[in-house]
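Coordinate inspection notes
What follows is the residue order along each chain.
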Amino acid sequence: MRSHGDPRRADSRHPATEAPVTIDLNHPTDTTMSAAGARTATLDEAAVERIRGDFPILSRTVNGHPLVYLDSGATSQKPRSVIDVERAYYEFSNAAVHRGAHTLAGEATELFENARATVARFVGAADDEIVWTSNATEGVNLVAYGMSNASLGRGGKAAERFRLGPGDEIVVTELEHHANLVPWQELALRTGATLRHIALDDAGRIRLDHAAEVIGERTRVVAFAHVSNVLGAVNPVAELVALAHGVGALVLLDACQSAPHLPVDLRALDVDFAVFSGHKMLAPTGVGVLYGRSELLNALPPFLTGGSMITTVGLTESEFLPAPMRFEAGTQRVSQAIALAAAVDYLEAVGLDRIAGWEAELGRRLHDGLAAIPGVRVLGPSPAEAERVGLASFVVAGIHAHDVGQFLDDRGIAVRVGHHCAQPVHRRFGVTATTRASAYLYNTVAEVDAAVEAVADARVFFGEA
Ligand SMILES: Cc1ncc(COP(=O)(O)O)c(C=O)c1O
């Protein structure tokens, strides 16, 4: 067992540093991908049963049925170790970080900064490359507003590469979550830059031929999702990064649907910025992460300003701290950050390679089971066409997504319905709403089968079979 704090330096009776990770799955550190590209490490039903025992909510019933939680793409459930760490922080360690001269403040600061180090290591970054945000949405806005401020002349010469104006282009893809689209629309409106998008093919893959046309001399930023929250496919990061860097553009990766589910090394992916949310990876709401290459973060003008992000403040002007603190204005989300580190400990104890392998199996079963039902159309490339995670968005001919969701809920099966904050990709495929089932490490094959069976039964119930 490893704790997210530093047990050598913190009080050994200190519960906030001693929240147990109860699983001991003895996972191998073997290779994650076979030569053919398929994931080789995975979990088995016995391991998943043990994992389920760590998640109190999974033992409840809903509408008279055991809960089948297939909405982790929206937000994940939390293991006891994460819940305990957050509670223990408030019971034993709560204090304002980075400020107080007293022991408690020192301990809280140490826990907070240890949490940053844990998350940094998790994604292959240095500690000062990790900025705490409220969520991924705030991370994208932080970069976009930082660029806006640079465009107004803030940040001096160092910020030149962030300055946008008429003639400059920002590039996104057609599959983005609104969190990685609307902030860029707003940045374009504020600066006079043009927002362009890379199209998808009919299977839902990013068209690299189109990317090569769209990304050019004028491109300053390319922002895209690692994994689509609607289509479920892993996007070609290396190819898009090569195109963007080939013209000197910055890359922002939306890792919301990848960091919780796959091994992600941001340095190896060579992106400039990345964002993800704690609540989708076993941690509480209220904490997210912005990763930025150190030299970029130190050159980007801040977004939010105020206390805790300054060195000296005069009545008319102020100087800012280096990254990451120059982006962490005001009182921070301390308990959530510490709990996010506990979530990372949990994920690492299971093994991201094995989680990815298990979700690939569940995802394939979900996709193929749904696609085999007459009248059901699953969006996105098939598992044969692209690597997919464990989520599938689908439409059932003749039945509105909300009715499908309600029918499943009556059986205790929680899925998401609607446009999942991604209207353009729904429009691309000629639908306004889909039903989305999304699995995580705690889901079983039986649960996936129950969801597929319920969709088939919904067709009978609504007279579409
Ligand atoms: C791909 C993707 N990007 C961004 C977000 C936004 O995350 P948050 O609402 O936590 O900021 C989500 C959440 O659903 C997502 O799935």
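Cut-offs used in this document
Residues numbered from 1 in each chain as written. Predicted model: local features only at pLDDT ≥ 70, side-chain atom pairs only at ≥ 80, totals over all residues. Heavy atoms only, no water. Helix = DSSP H or I, 4+ residues; strand = E, 2+ residues; numbered from the N terminus. Buried < 20%, exposed > 50% of the residue type's maximum accessible area, 1.4 Å probe, protein only. Polar contact = N/O pair within 3.5 Å; in protein donor to acceptor, adjacent residues only side chain to side chain. Contact = heavy atoms within 4.5 Å. Pairing = 2+ DSSP bridges. pLDDT = per-residue confidence, 0-100. Domains from an automatic or database assignment. Buried area = accessible area lost by both parts, 1.4 Å probe. Salt bridge = Lys/Arg side-chain N within 4 Å of Asp/Glu carboxyl O. Nonpolar A, V, L, I, M, F, W, Y, C, P; charged D, E, K, R; others polar. Phe/Tyr/Trp six-rings, centres within 6.5 Å; stacked < 30°, edge-to-face > 60°. Lys NZ or Arg CZ within 6 Å of the ring centre and 35° of its normal. Axes fitted to C-alpha atoms, helices over the stretch in contact; angles between N-to-C directions. Parallel < 35°, antiparallel > 145°, perpendicular 65-115°, else oblique. Left-handed = near helix turned anticlockwise from the far one by under 90°. 1 Å grid on protein atoms, 1.4 Å probe; cavity = no way out; pocket = protein on both sides within 12 Å on 5 of 7 lines; lining within 4 Å. Points joined across faces, edges and corners; volume = space filled by probe spheres on them. Near = heavy atom within 4 Å. Areas by Shrake-Rupley, 256 points an atom, 1.4 Å probe, with all protein chains shown as cover.

Attention shifts here to the side chain of Asn-443. Secondary-structure assignment places Asn-443 in the loop between strand 17 (434-438) and helix 14 (445-461). Accessibility expressed as a relative area gives 0% for Asn-443, which makes it buried. Side-chain polar atoms of Asn-443 contact the backbone nitrogen of Tyr-440, separated by 2.8 Å. Those residues in contact with Asn-443, other than ones at most four positions away along the chain, are Val-48, Arg-52, Tyr-69, Leu-70, Trp-358, Leu-362 and Ser-438.

So, on to the pairing of strand 6 (residues 194-198). As defined by bridge partners, strand 5 (residues 169-173) adjoins strand 6 across 5 bridges and the pair is classed as parallel. In the strand pairing of strand 6, Glu-169 is matched with Thr-194.

Confidence in the prediction for the protein averages 93 pLDDT; 92% of positions are at 70 or higher. Confidence drops under pLDDT 50 across residues 24-36; counting only partners more than four residues distant or on other chains, this segment forms 28 contacts.

You can read the domains of the protein as domain 1 (20-70 + 351-465) and domain 2 (103-347). The gap between the C-alpha centroids of domain 1 and domain 2 is 28 Å. At the interface, 38 residues of domain 1 touch 33 residues of domain 2. Here domain 1 packs against domain 2, burying approximately 2900 Å² in sum over the two surfaces, 63% of which is carbon and sulfur. For domain 1, the biggest contributors to the area lost against domain 2 are Leu-352, Arg-428 and Tyr-440; these three give 22% of the whole. Inspection of the domain 1/domain 2 interface yields 2 salt bridges. A salt bridge links Asp-202 to Arg-428, with the nearest nitrogen and oxygen atoms 2.8 Å apart. Put simply, domain 1 and domain 2 have 16 residue pairs in polar contact (both at pLDDT 80 or more) between them. Residues belonging to the side of domain 1 that touches domain 2 are distributed by class as follows: 21 nonpolar, 8 polar and 9 charged.

This model, assessed by the stated rule, comprises 9 aromatic pairs. Consider the rings of Phe-112 and Trp-132, whose centres lie 6.0 Å apart with planes at 40 degrees: the pair is tilted. Linking Phe-112 in helix 3 (residues 103-122) with Trp-132 in strand 4 (residues 130-133), this pair joins segments that are 20 residues apart in sequence. By relative accessible area, which is 0% here, Phe-112 ends up buried. Residue classification places Trp-132 among the buried positions, given a relative accessible area of 0%. Put simply, the rings of Phe-55, Tyr-346, Tyr-440 and Tyr-442 pair up and form one aromatic cluster. It is Arg-428 that lies over the ring of Phe-429; its NZ or CZ is 5.0 Å from the centre.

Okay, the environment of Val-251 next. Its location among the elements puts Val-251 in strand 8 (residues 250-254). When its relative accessible area of 1% is taken as the criterion, Val-251 is described as buried. Once the C-alpha coordinates of Val-251 and Val-275 are considered, the two residues, 24 residues apart in sequence, prove to be 11 Å apart. If near-sequence neighbours (up to four positions away) are discounted, Val-251 is found in contact with Val-222, Phe-224, Val-241, Ala-244, His-245, Val-271, Asp-272 and Phe-273.

Interaxial distance between helix 2 (residues 80-93) and helix 10 (residues 334-350) falls to 8 Å at its minimum, and their mutual angle equals 150 degrees. Judged on the interaxial angle alone, helix 10 and helix 2 are roughly antiparallel. Taken as a pair, helix 2 and helix 10 cross one another with a handedness that is right-handed. Counted together, Ser-81, Val-82, Val-85, Glu-86, Tyr-89 and Tyr-90 of helix 2 and Val-334, Ser-335, Gln-336, Ile-338, Ala-339, Ala-342, Ala-343 and Tyr-346 of helix 10 form the full contact between these two elements. For the contact of helix 2 with helix 10, the class distribution of residues is 10 nonpolar, 3 polar and 1 charged.

So, on to empty space enclosed by the protein. Applying the stated criterion to the full structure yields 3 cavities of 30 Å³ or more. Roughly 50 Å³ of volume is contained in the largest cavity. Lining the largest cavity, in full, are Arg-39, His-261, Leu-262, Ala-356, Glu-359, Ala-360, Glu-387, Arg-388, Val-389 and Gly-390.

On the basis of which strands lie adjacent, the open sheet formed by 4 strands has the order 13-14-17-16 and antiparallel pairing. The open sheet is flanked by strand 13 (376-378) and strand 16 (416-418), the only strands paired with a single partner. With strand direction ignored, the average angle separating the axes of adjacent strands in the sheet is 30 degrees. Running over the sheet, helix 12 (residues 401-410) touches strand 14 (391-396), strand 16 and strand 17 and is turned about 160 degrees from strand 16.

Looking now at the environment of Gln-332. Locating Gln-332 in the fold gives a position in the loop between strand 12 (318-320) and helix 10. Along the sequence, Gln-332 and Ala-96 sit 236 residues apart, while their C-alpha atoms lie 8.2 Å from each other. Sequence-distant contacts of Gln-332, that is, excluding residues within four places in its chain, are made with Phe-112 and Trp-132.

Bringing the site of the ligand into the picture now. Looking at the ligand, the residues that line it are Asn-135, Ala-136, Thr-137, His-177, Ala-179, Asn-229, Asp-254, Cys-256, Gln-257, Ser-277, His-279 and Lys-280. At a separation of 2.5 Å, an oxygen atom of the ligand approaches a polar side-chain atom of Thr-137. Lys-280 places a polar side-chain atom, nitrogen or oxygen, 2.6 Å from an oxygen atom of the ligand. Contact with the protein chains covers 89% of the free accessible surface of the ligand, which is 390 Å². When its residues are assigned to classes, the shell around the ligand shows 3 nonpolar, 7 polar and 2 charged.

Turning our eyes to something else, we now look at the sheet that holds strand 8. Strand order in the open sheet made by the 7 strands is 4-10-9-8-7-5-6, with mixed pairing throughout. Each edge of the sheet is formed by a strand with only one pairing partner; in this case those strands are strand 4 and strand 6. Each strand axis lies, on average, 20 degrees off the axis of its neighbour in the sheet, ignoring direction. The sheet contact formed by strand 4 and strand 10 (residues 288-292) spans 4 bridges and is antiparallel.

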